[in-house]
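# Topology and contacts: notes
For reference, the chains in residue letters:
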Amino acid sequence: SESDSGGPALNIGVFKEIAKRALVDALNSVNGAKTLVLERSLAGPLGLLTEVSLLKHHGVDKMFWLESGPLNASTTNVVYLCRPQVKYMMIISEQIKRLTAEHATHTYNLFLVPRRTTLCERILKEEGVFGEVNIASYKLEFIPVEDDLLSLEWEDTFREIFLDGDETAIYYAAQALITFQQAYGLFPRIIGKGDAAKKLANLIIHLRPPRLATVSVALDSLIIIDRSTDMITPLLTQLTYQGLIDEFIGIRNSHIEVDPSYLSNAPPAPPTGTPTPSTSTSAPVITPANPKKKKHLLTASGDTLFNALRDLNFAVVGNRLNREAKRLDAEYKGRHQAQTVAQLREFVGKLGGLQNEHQALRLHTSLSEQIHPLTRTEQFNKSLEIQQNLLASYEPAAQLNAIEDLIAQQAPVQLVLRLMCVASLTSGGIKVKVLENLKREILQTYGYSHLPTLLNLTSLSLITALPLPKIPLYPPPPPFAAIRKHLRLLSDTPENAPTDVSFVYSGYAPISSRLIQCVTQKGAVLASVGPADDAAAAGGAGRAERTVAHPISGWKGFEDALKLIPGETVDVIQKGDEGESPLVAPPPPRDRATTTMVFFLGGCTYTEIATIRWMAKQTKGRRYLIATTGIINGSTLIESLAPKGAKFEPVA
Amino acid sequence: AVLSLEDSEDKEVTERISAIKTAAKFFSEDADHSFEAKAMDEALRLLVFQQQLEKDSDGQKKYVGLSVNETMAACFVNGLAKKADRIKADWRVPDKRYWYTKLYALTSIRDFDGLDAF
């Protein structure tokens, strides 16, 4: 049945309760009314756990953003909630010193997320306020955002690890995965690719507390995908429904901002001037970023239509919506068939459900109507054509010309930079004269303030000048053509009945997804036509019989492909107290599926999530749990690599 | 008050200029960064040019902070086509980008005569 591997892997909802209870405990540890001073970037993640009413219920009188400047606290208790960063310690010290000088008497409490650090304590000591602050940790780790998806909801992790060389996030990720193991037992096997993946695996093993000694029976392995092993995928335009919503509307902490008419029968709001966002510390936290738009939690839980749509190639979404509209219409008409009171009562009983479905249909029709014209513009189609040609290594020089045209037409700078990186990564670099011309065009069109971004992209080898110097400053890009061949990245598949993960980019399979398949679905990497596809090709109606998932045997069979991709290869068996584990895990019993956890270090895209959900449906006996440091797309990735204050226009 | 406002704006530009000069010097000391050094020279020239444009408009128009393209566009919008052409020459703006910029600028102010002359 569909629910065999399609259903949720483990009940991860428990992590929400744990995180929520920890927050309540933290607030309750401070008696009486309190003023909460919150780091801005924590508001989104906390919003996934709790509502403002819960905070009020636990004594929060007023909330402020943690920003430099004076603090007007009306309560004796002040509670700071922030990540352990130097800049925040400086702001807090400054505020406490100012309040002390004003003879204000407050009790200061600082909760560091996810952990207190000695560095922060040292700074508070140096600033002379250490004695006045009660310091504790608020262990906010994985947040379940869907029933198969855990996210740490960290921003800019890729930049921190790979550009700044700040590996704190790897340490915190290890802690979060250890907490996860405390709930479900040790991962029997940790498999991964990339230098940062290796560091993470080592930390998971070495930081393991001695009392954590039982190997999990529910999980068969943890696969760590280090973002640096596949930089092309996030730079491409996502072509799934949820991916395009993220590209054009933007999904932040699972929330979208939409016209209120999408969510109710209300007429569209009249356009109002864009309000200037308040930056003063004295402004209350709870003001919507855009009052004319409404925030909506975009989730499949309770929205079965979104569940069906989110991972489809956008090309087939219109059809699916049409079918849903016809079905709903027929259901409503069902009331005419109701002859007896009992039948009528039955219909009325269904009505609430129908109204919910109607609401969902309105939302998704509106979103599709907003996105559809944006996928029809010349610019969108030109940029897709450039991407497809580059991925196929078709006339790379002509693609660079086309990118220059997009610059002349003032396409968004994020798009231009994404395409330029894809061009460099797929061609092994760009001839120095051509590259310098492109960079000049970018700086003159979008401003010289983008120069640091270009330098950052260069130091990450996302842009490489050819010919390479004898002693390259940065490693050359990995050999794309060879990787493409070994991992069969180009693969046509019907969009309405995909036979390969390549459906998310209309004919291109992400390297990251292929790496996962190298471990969990070896046959699918080698050939597009599996047993399931034979039936589909023969015109068989419905789903073909799914094959049983093969046991986890590491990277076996793909050693050559792995050598082409930079970074270390990880394959470690974790042993418990029961003695040696078998080197190759026994095949899962037919009646019980095992779960493979995939963790993206440095973020993943909605398309990559879609490919893993697709994999889950292909075989029996294996479920997937997806976990990530955060959800990214090409534009958020590029923006994270820009200096603070660089100008970016919205993409749509 | 107006004077002090101008003063602070001037200071801002001076600060920008000195920051760019520092960067340009840093890049020029490194053979691998000759492109960046040239770009910073361009940025510096642009700021000086923009400052002059602002002075010429008696402080009525804003130019500082705009990109080369945006400055050209602002010149078209403010009826300074000659200045835009000067930017095209001095910054070696390719024809294609120049014409698109002019087209967008004239469209934005609905200058149909200008568009007719295209």
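Source: prediction; values computed, not measured.

## Let's talk about the overall build of chain B
Counting its regular elements, chain B contains six helices and zero strands. Taken along the three principal axes of its C-alpha coordinates, chain B extends 50 × 45 × 15 Å. The long-range fraction of contacts in chain B, counting pairs at least 24 apart against all pairs at least 6 apart in sequence, stands at 37%.

## Focus: the overall build of chain A
A count of helical and extended segments in chain A gives 26 helices and 18 strands. Here chain A holds 652 residues, and 53% of them are scored as buried. A separation of at least 24 residues holds for 81% of the contacts in chain A among residues at least 6 apart in sequence. Approximately 28,400 Å² of chain A is accessible, and the part contributed by carbon and sulfur atoms is 54%.

## Remarks on the interface of chain B and chain A
The partner chain A presents 18 residues to the 24 residues of chain B that form the contact. Contact between chain B and chain A buries roughly 2,000 Å² in total, counting both sides, with carbon and sulfur atoms accounting for 53%. On the chain B side of the contact with chain A, Phe35, Lys96 and Arg97 of chain B bury the most area, a combined 31% of that side's loss. Applying the counting criterion to the chain B and chain A interface returns three salt bridges. Of the charged contacts, one joins Arg97 of chain B and Glu441 of chain A as a salt bridge, the two residues approaching to 2.7 Å between their closest N and O atoms.

## Let's talk about the packing of aromatic side chains
Summed over all chains, the structure comprises 17 aromatic pairs over all chains. Measuring from ring centre to ring centre gives 4.9 Å for Phe180 of chain A and Tyr184 of chain A, while their planes differ by 40°; the resulting arrangement is tilted. Of the two residues, Phe180 of chain A and Tyr184 of chain A both sit in helix α8 (residues 168-184), four residues apart, roughly one turn of that helix. The lysine or arginine in question, Lys125 of chain A, covers the ring of Phe130 of chain A, its NZ or CZ lying 4.7 Å from the ring centre. Across from the ring centre of Phe35 of chain B, 4.7 Å away, lies the NZ or CZ of Lys439 of chain A, which sits over that ring.

## Notes on the confidence of the model for chain A
As a general rule, the predicted coordinates of low-pLDDT regions are not to be interpreted in detail. Residue and element names in this part refer to chain A. Per-residue pLDDT for chain A has a mean of 89; in total, 89% of the residues score no lower than 70. In the model, residues 1-6 has pLDDT below 50 throughout and makes 17 contacts with residues more than four positions away in sequence or in other chains. Taken together, the stretch residues 271-288 has pLDDT below 50 and engages in 26 contacts with residues farther than four places along the chain or on a different chain.

## A look at the sheet that holds strand β7 (residues 149-151) of chain A
Residue and element names in this part refer to chain A. As summarised here, the arrangement of the seven strands in space is β6-β7-β18-β16-β9-β8-β15, forming an open sheet in which the pairing is mixed. In this open sheet, the two edge strands, each paired with only one partner strand, are β6 (143-146) and β15 (569-573). The sheet shows a mean angle of 20° between the axes of neighbouring strands, direction not considered. Pairing of β7 with strand β18 (residues 622-628) involves three bridges; the strand directions are parallel. Across the sheet, residue Ser151 finds its bridge partner in β18, namely Thr628. Helix-sheet contacts for helix α21 (residues 511-520) involve β8 (189-193), β9 (219-226), β16 (594-601) and β18, and the interaxial angle to β9 is about 150°. Together, β6, β7, β16 and β18 form the strand contacts of helix α25 (residues 606-618), whose direction differs from that of β18 by roughly 165°.

## Quick notes on the packing of helix α17 (residues 413-427) of chain A against helix α18 (residues 432-446) of chain A
Two measures define how a pair of helices packs: the angle their axes make with one another and the distance between the axes. All names here are of chain A. At a minimum axis distance of 11 Å, the contact between α17 and α18 shows a crossing angle of 170°. Judged by the inter-axis angle, α17 sits roughly antiparallel to α18. Where α17 abuts α18, its residues Val413, Val416, Leu417 and Met420 lie against Leu435, Leu438, Ile442 and Tyr446. Taken together, the residues of the contact of α17 with α18 break down into eight nonpolar, no polar and no charged.

## Some words on the environment of Ala610 of chain A
Residue and element names in this part refer to chain A. Note on placement: Ala610 falls in helix α25. On the basis of relative accessible area, Ala610 is assigned to the buried category, the value being 1%. For the pair Ala610 and Thr240, spaced 370 residues apart in sequence, the C-alpha separation works out to 8.0 Å. With residues up to four places along the chain from it excluded, the contact list for Ala610 reads Thr240, Asp311, Phe503 and Val504.

## Concerning helix α2 (residues 14-28) of chain A
An ideal rise of 1.5 Å per residue puts 21 Å on 15 residues; α2 of chain A measures up with 21 Å between its terminal C-alpha atoms. Turning to α2 of chain A, its buried residues number three or more, namely Phe15, Ala19, Leu23, Val24, Ala26 and Leu27 of chain A.

## A word on a positive patch on the surface
There is a patch of like positive charges on the surface, built from Lys433 of chain A together with Lys38, Arg45 and Arg92 of chain B. Structurally, Arg92 of chain B can be placed in the loop between α4 (81-90) and α5 (95-108). Given the relative accessible area of 57%, Arg92 of chain B is considered exposed.

## Overview of a nonpolar patch on the surface
A surface patch of nonpolar side chains, amounting to about 360 Å² of accessible area, comprises Trp99, Leu103, Tyr104 and Phe118 of chain B. In this structure, Phe118 of chain B sits in the segment after α6 (112-116).

## Here's the deal with the pairing of β8 of chain A
Residues and elements named next belong to chain A. Burial of β8 is extensive: five of the five residues sit out of reach of the surface. Burial along β8 is two-sided: the residues Arg189, Ile191 and Lys193 and Ile190 and Gly192 are all buried. By the bridge criterion, five bridges tie β8 to β15 in an arrangement that is antiparallel. Looking at the pairing, Ile191 lines up with Asp571 of β15. Looking at chain direction, β8 and β9 are connected through four bridges and run parallel. Considered in β9, the bridge of Ile191 is made with Ile223. Considered for its hand, the β-α-β crossover made up of β8, helix α9 (residues 195-206) and β9 is left-handed.

## Some points on the pattern of salt bridges
Counted under the stated rule, the structure contains 36 salt bridges over all chains. Residues Glu121 of chain A and Arg116 of chain A are paired through a salt bridge, measuring 2.8 Å at the closest nitrogen-oxygen approach. According to the relative accessible area criterion, Glu121 of chain A is buried, its value standing at 14%. Taking relative accessible area as the criterion, Arg116 of chain A reaches 37% and is therefore assigned partly exposed. Close ionic contact of Lys88 of chain B with Asp95 of chain B constitutes a salt bridge, the shortest N to O distance being 2.7 Å. One connected set of salt bridges, linked through shared partners, spans Arg320, Glu324, Arg327, Glu331, Lys350 and Glu357 of chain A.

## Re the side chain of Glu247 of chain A
All names here are of chain A. The topology assignment puts Glu247 in helix α11 (residues 241-248). Classification of Glu247 as buried rests on a relative accessible area of 11%. Among the polar contacts made by the side chain of Glu247, one reaches the side chain of Gln238 at a distance of 3.3 Å. Side-chain polar atoms of Glu247 contact the side chain of Arg418, separated by 2.9 Å.

## A closer look at the sheet that holds strand β2 (residues 60-65) of chain A
Residue and element names in this part refer to chain A. Read across the open sheet, the five strands follow the order β2-β1-β3-β4-β5; overall the sheet is parallel. Of all strands in the sheet, those bounded by a partner on one side alone are β2 and β5 (133-137). The mean angle between the axes of side-by-side strands here comes to 20°, regardless of whether they run parallel or antiparallel. Of the pairings in the sheet, the one linking strand β1 (residues 34-38) to β2 comprises five bridges and is parallel in character. Counterpart to Leu36 in the pairing with β2 is Met63.

Here is what the cut-offs are and how they apply
- Residues numbered from 1 in each chain as written.
- Chains lettered and ligands numbered in written order.
- Predicted model: local features only at pLDDT ≥ 70, side-chain atom pairs only at ≥ 80, totals over all residues.
- Heavy atoms only, no water.
- Helix = DSSP H or I, 4+ residues; strand = E, 2+ residues; numbered from the N terminus.
- Contact = heavy atoms within 4.5 Å.
- Buried < 20%, exposed > 50% of the residue type's maximum accessible area, 1.4 Å probe, protein only.
- Areas by Shrake-Rupley, 256 points an atom, 1.4 Å probe, with all protein chains shown as cover.
- Buried area = accessible area lost by both parts, 1.4 Å probe.
- Salt bridge = Lys/Arg side-chain N within 4 Å of Asp/Glu carboxyl O.
- Phe/Tyr/Trp six-rings, centres within 6.5 Å; stacked < 30°, edge-to-face > 60°.
- Lys NZ or Arg CZ within 6 Å of the ring centre and 35° of its normal.
- pLDDT = per-residue confidence, 0-100.
- Pairing = 2+ DSSP bridges.
- Axes fitted to C-alpha atoms, helices over the stretch in contact; angles between N-to-C directions.
- Parallel < 35°, antiparallel > 145°, perpendicular 65-115°, else oblique.
- Nonpolar A, V, L, I, M, F, W, Y, C, P; charged D, E, K, R; others polar.
- Expected span 1.5 Å × (residues − 1).
- Patch = residues over 30% accessible without salt bridge, like charges linked within 9 Å, V, L, I, M, F, W, Y side chains within 5 Å.
- Lys, Arg positive; Asp, Glu negative; His and termini not counted.
- Charge placed at Lys NZ, Arg CZ, Asp CG, Glu CD.
- Right-handed = clockwise from strand over helix to strand, strands pointing away.
- Polar contact = N/O pair within 3.5 Å; in protein donor to acceptor, adjacent residues only side chain to side chain.

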